[in-house]
Amino acid sequence: MEYKYFAFISYNSADLKWGKRLQRKLEHYKMPATLCSEHGWNRYPIRPVFFAPTDIQPNDLNEELKGRLRDSKNLIVICSPNSAKSSWVAAEIDYFYSLGRAKDIHFFIVEGTPNSENPNEECFNPIIKSLGLDGVLGANVNEHNYSLPYLNRERAYVQIVTKLLGVEFDTIWHKRYIAERWIFAISLVIIVVITIVGVWNASRSIDISVSLTENTLSNDNLPQLSDAEITLTARDYVRSSRVTSIGDTVVFTNVPRSLIGKSVRFDFIDFPDSPDS
C-alpha cells in the first residue's frame, strides 16, 4: 500500500519543541550511500513526516487527523509525563491501532520512565498498556550509554530511524558513531587551535611609529626643537624616546596589543642645547 506520509508524530503540546525537532531530524536524515543502493532508498528516505502544527488544516480537525493517520505508514509517539496524561494522544494511538497497524507504532521517549511506579514520572500513556504495547522498546534520548549527551540523543535518533526503516541498528549506528566521533574530535581540535591563536595574537606585542609634524599655528615664541623626549603612557605601559628635529619618527617597541583602540597620552619635553654645545 502506498502512503502519503512516512510517519505521523503524536505528541502533547507541552512537548512541541521535541515534535518539531524530531520531524526536522527525520526528514533531513541522510542515509549512507551503500544502504541506499542496497535497499533502493533515496538519500533522505523518511519523507514526508506529518506534524500537526505545520500541516494541519483548521476545519474538521478530528476527521482530518483520522485521515492523516490512515495515510501514514508509521505512528511515532513522543513519550513523556505530558503525553502520558493526554487523552488526545491516547485517541491517536487507539485509532492507529484499530487500523491493524500495531507493528508500525514506535515510541520516542524524551522525558520520564517507562512503566514507572510513580505516576508523575510515567512516560507511557495508559492506552499503550491496555493495548498490550507496553513491551515495545522505545528510543530514549536520556539513556546514558555515552558520556556526551549529544551522542546519547544521536543514538536515540538512529534507533527510531532503524525501526522506521526496518534495518539493524548497527548497520547505521556504527558508521554514524564513528563519523560523529571524528566530527567531534576535529571540532574540538579546531576550537583549541583557534583559542590558542587568539590568545597568542592578543598577547603578542607590536611596534608603534609616531611622526612629528610642524603646527602652522604654533607660537613663534616657543623654542626651536633641538633635543626632545616623547613619553607614551597607556595603563601600566610607559615608554620614552628622543627626537632631534621636526620630521623625526619615534618608534615605541613592544606595545601590548591589548592597548589597540585604547586612549593613550603623549608627553613632550624639549631639552634645548646647552650653551657649550
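Asker: Mind showing me how you'd approach the overall build of the protein chain here?
Answerer: When helices and strands are counted, the protein chain shows nine helices and 10 strands. Counting all 277 residues of the protein chain, 38% fall into the buried class. Considering only residue pairs separated by 6 or more positions, the protein chain has 67% of its internal contacts joining residues 24 or more positions apart. With an accessible surface of roughly 16700 Å², the protein chain has 53% of that area assigned to carbon and sulfur atoms.

Asker: Help me understand the side chain of S10 in this model?
Answerer: In this fold, S10 is placed in strand β1 (residues 7–10). Side chain to side chain, S10 and E92 meet in a polar contact 2.5 Å long. For S10, the contacting residues outside a window of four places in its chain are L75, I76, V77, I78, V89 and E92.

Asker: How do you make sense of unusual backbone geometry when you look at a structure like this?
Answerer: Backbone geometry follows two general trends: most residues other than glycine have a negative phi, and most peptide bonds adopt the trans configuration. Going from R47 to P48, the amide bond is cis rather than trans, its omega being -10°. Locating P48 in the fold gives a position in the loop between α2 (33–39) and β2 (49–50). The phi angle at N115 is positive, at roughly 55°, despite the residue not being glycine. For N115, the location among the structural elements is in the loop between β4 (105–109) and α7 (126–130). For N115, a relative accessible area of 47% gives the class partly exposed.

Asker: Mind showing me how you'd approach the sheet that holds β2 here?
Answerer: Consider a sheet: its strands pair through backbone hydrogen bonds, and that pairing is either parallel or antiparallel. With parallel pairing, the five strands of this open sheet are ordered in space as β2-β1-β3-β4-β5. Pairing within the sheet leaves two strands with one partner each, and these edge strands are β2 and β5 (139–140). Sheet topology places β1 next to β2; two bridges connect them, and they run parallel. Bridge pairing links A7 to V49 in β2. Contacts from helix α6 (residues 87–98) reach β1, β3 (75–79) and β4 within the one sheet, and its direction differs from that of β3 by about 155°.

Asker: Explanation requested: the pairing of β1 in the structure shown.
Answerer: With burial as the criterion, each face of β1 is covered, one bearing A7 and I9 and the other bearing F8 and S10. One ladder, built from three bridges, connects β1 with β3; its direction is parallel. Its bridge partner being in β3, I9 is matched across the sheet by I76.

Asker: How should I be thinking about a nonpolar patch on the surface in this particular structure?
Answerer: Where nonpolar side chains cluster on the molecular surface, the patch consists of I186, I190 and I194 and spans about 280 Å² of accessible area. Structurally, the position occupied by I190 is in helix α9 (residues 169–203). You can call I190 partly exposed: its relative accessible area is 44%.

Asker: I'm lost on the nonpolar core in this one. Help?
Answerer: Side chains of a nonpolar character, in soluble globular proteins, are inclined to be buried together. In this structure, L22, L26, M31, F108, I160 and V161 are the most contacted members of the largest nonpolar core, which totals 32 residues. Listing elements by their share of this core, those giving two or more residues are β1, α1 (16–27), α2, β3, α8 (149–165) and α9. The element best represented in this core is α8, accounting for seven residues. When sequence neighbours within four positions are dropped, the list of residues in contact with I160 reads L22, L26, I76, H106, F107, F108 and A139. Among the nonpolar cores identified, the runner-up in size contains 22 residues, and F8, L75, V77 and I127 belong to it.

Asker: Could you clarify how one ought to interpret α6 in this entry?
Answerer: Helical geometry: 3.6 residues make up each α-helical turn, so side chains three or four residues apart lie on a common side. End to end, α6 covers 16 Å across 12 residues, agreeing with the expected 16 Å (1.5 Å per residue, within 8%). Buried within α6 we find V89, A90, E92, I93 and F96. Down the axis, α6 shows its buried residues gathered within 165° of arc, on one side only. Residues of α6 that are exposed and point more than 90 degrees away from the buried face comprise S87 and S98. Where α6 begins, the side chain of S86 points an oxygen toward the backbone nitrogen of W88, at a separation of 3.3 Å. G100 lies just past α6 and shows a positive phi near 80°.

Asker: Got a minute to help me understand the environment of D134 in this structure?
Answerer: Tracing the backbone shows D134 in the loop between α7 and β5. Under the relative-accessibility criterion, D134 is labelled partly exposed at 27%. Here the alpha-carbon distance between D134 and F124, two residues 10 residues apart in the chain, equals 7.8 Å.

Conventions used here
Residues numbered from 1 in each chain as written. Predicted model: local features only at pLDDT ≥ 70, side-chain atom pairs only at ≥ 80, totals over all residues. Heavy atoms only, no water. Helix = DSSP H or I, 4+ residues; strand = E, 2+ residues; numbered from the N terminus. Buried < 20%, exposed > 50% of the residue type's maximum accessible area, 1.4 Å probe, protein only. Contact = heavy atoms within 4.5 Å. Areas by Shrake-Rupley, 256 points an atom, 1.4 Å probe, with all protein chains shown as cover. Polar contact = N/O pair within 3.5 Å; in protein donor to acceptor, adjacent residues only side chain to side chain. Pairing = 2+ DSSP bridges. Axes fitted to C-alpha atoms, helices over the stretch in contact; angles between N-to-C directions. Patch = residues over 30% accessible without salt bridge, like charges linked within 9 Å, V, L, I, M, F, W, Y side chains within 5 Å. Salt bridge = Lys/Arg side-chain N within 4 Å of Asp/Glu carboxyl O. Core = buried A, V, L, I, M, F, W, Y, C linked by side-chain atoms within 4.5 Å. Expected span 1.5 Å × (residues − 1). Arc of directions from axis to C-beta.

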